[in-house]
Amino acid sequence: MLKLNSHPTGRHFLQIPGPSPVPDRILRAMSLPTIDHRGPEFGALGLKLLAGLQQVFQTRHPVAIYPASGTGAWEAALANTMSLGDLVLMYETGHFATLWQKMAQRLGLRTEFLAEPGACPETGLPVGWRRGVNAALIEQRLRGDGGHEIKAVCVVHNETSTGVTSDVAAVRRAIDAAGHPALLMVDTISGLASADYRHDEWGVDVAISGSQKGLMLPPGISFNALSPRGLEASTTAKLPRSYWAWDEIVEMNKTGYWPYTPSTNLLYGLHESLQMLLEQGLEAVFARHQRWAAGVRAAVRAWGLPIQCADAAVYSPVLTGVVTPAGVDADALRTLIHERFDLSLGTGLGKVKGRMFRIGHLGDSNDLTLLGTLAGCEMGLKLAGVKLAGSGVQAAMDHFAEHRG
Ligand SMILES: Cc1ncc(COP(=O)(O)O)c(C=O)c1O
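To start, this report covers the structure provided alongside it. Every value quoted in this text rests on a predicted model; they were computed, and no experiment measured them.

Quick notes on the rules
- Residues numbered from 1 in each chain as written.
- Predicted model: local features only at pLDDT ≥ 70, side-chain atom pairs only at ≥ 80, totals over all residues.
- Heavy atoms only, no water.
- Buried < 20%, exposed > 50% of the residue type's maximum accessible area, 1.4 Å probe, protein only.
- Helix = DSSP H or I, 4+ residues; strand = E, 2+ residues; numbered from the N terminus.
- Pairing = 2+ DSSP bridges.
- Axes fitted to C-alpha atoms, helices over the stretch in contact; angles between N-to-C directions.
- Contact = heavy atoms within 4.5 Å.
- 1 Å grid on protein atoms, 1.4 Å probe; cavity = no way out; pocket = protein on both sides within 12 Å on 5 of 7 lines; lining within 4 Å.
- Points joined across faces, edges and corners; volume = space filled by probe spheres on them.
- Nonpolar A, V, L, I, M, F, W, Y, C, P; charged D, E, K, R; others polar.
- Near = heavy atom within 4 Å.
- Polar contact = N/O pair within 3.5 Å; in protein donor to acceptor, adjacent residues only side chain to side chain.
- Areas by Shrake-Rupley, 256 points an atom, 1.4 Å probe, with all protein chains shown as cover.
- Sits in = over half its atoms within 2 Å of the grid points.
- Arc of directions from axis to C-beta.
- Phe/Tyr/Trp six-rings, centres within 6.5 Å; stacked < 30°, edge-to-face > 60°.
- Salt bridge = Lys/Arg side-chain N within 4 Å of Asp/Glu carboxyl O.
- Parallel < 35°, antiparallel > 145°, perpendicular 65-115°, else oblique.
- Left-handed = near helix turned anticlockwise from the far one by under 90°.

A word on the pairing of strand β13 (residues 356-360). Regular strands have side chains that alternate between both faces of the sheet. Extensive coverage of β13 is indicated by the burial of 5 of its 5 residues. A two-sided burial pattern is seen for β13, the buried positions comprising Met-356, Arg-358 and Gly-360 on one face and Phe-357 and Ile-359 on the other. Note: strand β11 (residues 319-323) against β13, 5 bridges, orientation antiparallel. Paired with Thr-320 across the strands is Ile-359, a residue of β13.

Shown next, in the form of structure tokens:
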């Protein structure tokens with residue numbers, strides 16, 4: 001039989017910021033028999049899922065579901081709304097923003113990549129990778145675009161490579177203040193269903209999300225939440241598209257079906273996930289992640305290590321990036337922790353590779369699994385020779401004991 005953890009007993013600690021640990025309830029739902037995706041039962045399931053997703057995205061407008069990872073939904077967002085050579089304004093918050101920008105270029109778009117310049121004196125890491133989007137820079141750039149050459153502003157809501165969120169409502173205000181017609185596209189792949197996300201209220205035209213983060217599903221399905229302006233743009237956009245095309249999907253979704261074979265069993269899981277999230281209530285879901293994040297940050301502070309996010313206003317509720325001391329390779333540390341304690345932590349990506357690791361606090365977790373995670377980190381840091389200022393585990397225990405969930 002397939003062996004999935006390095007230790008003979010116990011459950012592997014999957015504490016990367018997605019894929020997140022999947023609740024047993026969802027795994028069981030996914031083990032139901034596959035049914036005919038054009039049969040009579042399927043349409044009712046499809047309609048229920050689409051209505052539930054609208055609640056989670058906080059939108060009244062259509063949400064497209066793709067049998068693809070988040071990267072597919074990134075491509076869908078651009079391919080449905082843009083034409084060859086269009087200019088898009090993107091913002092460098094980290095590795096995922098960088099990958100999305102590269103994708104836009106590969107699709108034949110012109111990109112401008114805004115970023116806060118400079119390196120952080122404390123860690124030597126790029127400043128822009130430690131902060132959220134500066135909406136004032138976007139407003140300034142749009143004001144300079146009198147000819148409205150820029151067709152879209154693209155930002156990442158929760159930058160999973162750094163543990164930094166961005167104020168999406170502020171980006172919408174910046175676009176409006178500049179009187180600019182650019183579409184607002186938001187990657188909330190790791191934000192949705194963990195960090196507060198309000199599609200309609202924030203005036204987002206296309207949101208991109210994925211299954212394997214806050215929705216607590218395995219990877220494999222992803223989403224585009226639309227707006228009337230986004231849909232309107234897709235009627236004139238010229239980039240070639242077929243599999244990703246919204247028109248057929250939105251039309252067939254009206255009866256709960258899809259133009260091609262959907263991921264039936266992942267959709268069973270989605271049904272269960274939506275039920276769990278909506279039973280608990282989105283406010284409680286967001287508060288739970290904020291509380292976990294605060295406990296984990298208390299631990300990192302007690303260790304005396306810098307948190308990758310340098311702005312307390314935009315700490316991610318989903319993950320925390322921990323910067324390792326100069327000379328301590330964060331990936332070697334992760335390997336040691338994995339081997340010794342069967343705990344997976346997120347690697348540093350792109351410009352922060354080897355300099356930090358990421359602790360995911362999302363999915364099927366609770367106070368004690370997070371304390372186990374922090375214990376694994378603390379033991380690993382000590383084994384790697386890092387001099388810690390104090391016990392992070394104790395600090396997190398104190399936090400969780402003092403702040404009831
Ligand atoms: C913010 C963000 N954007 C995009 C992606 C890419 O999604 P996927 O790996 O599902 O294709 C990820 C994956 O972790 C992500 O966290």
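What follows picks up the thread again.
The next thing to look at is the sheet that holds strand β5 (residues 150-156). To summarise the sheet geometry, strands pair through backbone hydrogen bonds and adopt either a parallel or an antiparallel arrangement. In space, the 7 strands of this open sheet follow the order β2-β10-β9-β8-β5-β3-β4, with mixed pairing throughout. Of all strands in the sheet, those bounded by a partner on one side alone are β2 (63-66) and β4 (110-114). Each neighbouring strand pair of the sheet contributes to a mean axis angle of 20°, computed without reference to strand direction. Taken together, the 5 bridges between β5 and strand β8 (residues 183-187) define a ladder with parallel strand orientation. By the bridge assignment for β8, Val-156 is matched with Asp-187. Helix α3 (residues 70-81) rests against β2, β8, β9 (206-210) and β10 (222-225) of the sheet, and its axis sits at about 165° to β9. In the packing of helix α5 (residues 135-143) onto the sheet, contacts are made with β3 (87-91), β4 and β5, and the angle to β3 comes to roughly 160°.

It is worth spelling out empty space enclosed by the protein at this point. Scanning all chains against the criterion turns up 2 cavities of 30 Å³ or more. Estimates place the volume of the largest cavity at around 50 Å³. Together, Ile-65, Tyr-66, Pro-67, Ile-221, Trp-258, Tyr-260, Thr-261, Pro-262, Ser-263 and Leu-267 line the largest cavity. Put simply, the second largest cavity is a space of about 30 Å³. Gly-163, Arg-297, Ile-307, Cys-309, Tyr-315, Ser-316, Leu-319, Thr-320 and Gly-321 together form the lining of the second largest cavity.

What the largest pocket holds in volume is close to 550 Å³. Lining the largest pocket are 18 residues, and of these Arg-11, His-12, Leu-14, Pro-21 and Val-22 lie nearest its centre. Grouping the amino acids of the lining of the largest pocket by side-chain chemistry returns 9 nonpolar, 7 polar and 2 charged. Taken as a whole, the second largest pocket encloses approximately 290 Å³ of empty space. Phe-96, Thr-160, Ile-189, Gln-212 and Lys-213 are the residues nearest the centre of the second largest pocket, which is lined by 21 residues in total. Of all the secondary structure elements, the ones that give two or more residues to the lining of the second largest pocket are α3 and α4 (95-106). It is α3 that provides the largest number of residues to the lining of the second largest pocket, a total of 3 residues. Across the lining of the second largest pocket, the residue classes break down as 8 nonpolar, 10 polar and 3 charged.

Okay, the site of the ligand next. As a structural note, the neighbourhood of the ligand is formed by Ser-69, Gly-70, Thr-71, Trp-74, Phe-96, Val-156, Asn-158, Thr-160, Asp-187, Ile-189, Gln-212 and Lys-213. A distance of 2.8 Å separates an oxygen atom of the ligand from a polar side-chain atom of Gln-212. Considered on its own, the ligand offers 390 Å² of accessible surface; in the complex 87% of this is hidden by protein. Counting atoms within 2 Å of the grid points, the majority share of the ligand lands in the second largest pocket. Here the shell around the ligand gets 3 residues from one element, more than from any other, and that element is α3. Looking at side-chain class alone, the shell around the ligand contains 4 nonpolar, 6 polar and 2 charged residues.

A few words on helix α13 (residues 392-402). Within α13, burial applies to Gly-392, Val-393, Ala-395, Ala-396, His-399 and Phe-400. For α13, the angular spread of the buried residues around the axis is 160°, confining them to a single face. Pointing more than 90 degrees away from the buried face of α13 are the exposed residues Ala-401 and Glu-402. On its buried face, α13 is in contact with α10 (282-303) and α12 (367-383). Two or three places before Val-393, at the opening of α13, Ser-391 has a side-chain oxygen 3.4 Å from that residue's backbone nitrogen.

By the definition in use, this model includes 9 aromatic pairs. Arranged with centres 5.8 Å apart and planes meeting at 5°, the rings of Trp-74 and Trp-100 form a pair that is stacked. Placement of Trp-74 in helix α3 and of Trp-100 in helix α4 is noted, with a sequence separation of 26 residues between them. Looking at Trp-74, the relative accessible area reads 4%, which means it is buried. An aromatic cluster of three or more residues is present, and its members are Phe-57, Tyr-197, Trp-202 and Phe-223.

For the rest of this paragraph, the subject is the pattern of salt bridges. The tally for this structure, following the rule as stated, stands at 18 salt bridges. For the salt bridge of Glu-251 with Lys-254, the shortest nitrogen-to-oxygen distance reads 3.0 Å. For Glu-251, a relative accessible area of 48% translates into the label partly exposed. For Lys-254, a relative accessible area of 57% translates into the label exposed.

Put simply, α5 and helix α6 (residues 168-177) touch, their axes get as near as 8 Å, and they point 25° apart. In terms of axis orientation, α5 runs roughly parallel to α6. The handedness of the crossing between α5 and α6 comes out as right-handed. Across the interface between the two elements, Ala-135, Ile-138, Glu-139, Leu-142 and Arg-143 from α5 touch Ala-170, Val-171, Ala-174, Ile-175 and Ala-177 from α6. When the residues that make up the contact of α5 with α6 are grouped by side-chain class, the tally is 8 nonpolar, no polar and 2 charged.

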